[in-house]
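# Coordinate inspection notes
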Amino acid sequence: GDKCYIDAGAYYVDYVEERQIIKGGFVEGAGDAGGGVIALIFSLLLLSGGLMGLCKILKFLFLGQAKKAIIKATKMNDYAAMLVGVVMTIIVQSSSVATSSLTP
C-alpha cells in the first residue's frame, strides 16, 4: 500500500484532507460539516433534555423531604440547624445540578 514516508504531501492530501471524517452513524450521508452540525444540535438537545429530567426527578425526590428538614431545622437551636445543613449538603454532594434544582 501507500507509505506515508515515501510521498508525505500526497499521502496527507489523499488520506487526511480528502477523506471524510464521519464514516458511519445516522449523520453519515450529511457530509462532514453538515453531519457535525446535526450531531452537535442533537447532542445539545439530548443534554438539555437529560438535565431537565434530572432536575424534575431531584425536585420530586428531595424537595418535599428537604423542605420538611429545613422547616424543622429553623425551629432548632443554631448548632442543630447547622448540623442539618451539613448533612443535607453531604447527601446531595454540593452538586450544582442538585442545588439549582432545589432552588425555586
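One can find the structure itself at the top, above this paragraph.
### Overview of the overall build of the protein chain
What the protein chain contains, in helices and strands, is four helices and zero strands. Across the 104 residues of the protein chain, 10% fall into the buried class. Counting only contacts in the protein chain whose residues sit at least 6 apart along the sequence, the fraction spanning at least 24 positions is 29%. For the protein chain, the exposed surface amounts to about 8300 Å²; the carbon and sulfur share of it is 68%.

### Some remarks on helix H2 (residues 31-74)
The terminal C-alpha atoms of H2 lie 60 Å apart, and with 44 residues this matches the ideal 64 Å at 1.5 Å per residue to within 8%. Along H2, the sharpest change in direction is near 40° and occurs at Phe-62. Residues of H2 that are buried: Gly-31, Gly-35, Leu-58, Ala-66 and Ala-73.

### What to know about the environment of Phe-62
When you line up the elements, Phe-62 lands in helix H2. Overall, Phe-62 belongs to the partly exposed group, its relative accessible area being 26%. Sequence spacing of Phe-62 and Met-88 is 26 residues, and the spatial spacing of their C-alpha atoms is 9.9 Å.

### Let's talk about the environment of Gly-35
Here Gly-35 lies in helix H2. The class of Gly-35 is buried, set by a relative accessible area of 0%. Sequence separation of Gly-35 and Gly-25 is 10 residues, and the distance between their C-alpha atoms is 9.5 Å. What Gly-35 contacts, discounting residues up to four positions off in sequence, is Ile-22, Val-27 and Ala-30.

### What about a nonpolar patch on the surface?
Residues Leu-40, Leu-44, Leu-47, Leu-51 and Leu-54 make up a contiguous nonpolar surface patch of about 440 Å² in total accessible area. Following the sequence through the fold, Leu-40 ends up in helix H2.

### A short note on a negative patch on the surface
The grouping of Asp-7, Asp-14, Glu-17 and Glu-18 at the surface amounts to a negative patch. Position of Glu-17 relative to the elements: it lies in helix H1 (residues 8-17). Since its relative accessible area comes to 53%, Glu-17 is described here as exposed.

Cut-offs used in this document
- Residues numbered from 1 in each chain as written.
- Predicted model: local features only at pLDDT ≥ 70, side-chain atom pairs only at ≥ 80, totals over all residues.
- Heavy atoms only, no water.
- Helix = DSSP H or I, 4+ residues; strand = E, 2+ residues; numbered from the N terminus.
- Buried < 20%, exposed > 50% of the residue type's maximum accessible area, 1.4 Å probe, protein only.
- Contact = heavy atoms within 4.5 Å.
- Areas by Shrake-Rupley, 256 points an atom, 1.4 Å probe, with all protein chains shown as cover.
- Expected span 1.5 Å × (residues − 1).
- Bend = angle between axes of the 7 residues up to and from the residue.
- Patch = residues over 30% accessible without salt bridge, like charges linked within 9 Å, V, L, I, M, F, W, Y side chains within 5 Å.
- Salt bridge = Lys/Arg side-chain N within 4 Å of Asp/Glu carboxyl O.
- Lys, Arg positive; Asp, Glu negative; His and termini not counted.
- Charge placed at Lys NZ, Arg CZ, Asp CG, Glu CD.

So far we have only geometry, and geometry alone does not tell us how the molecule works.
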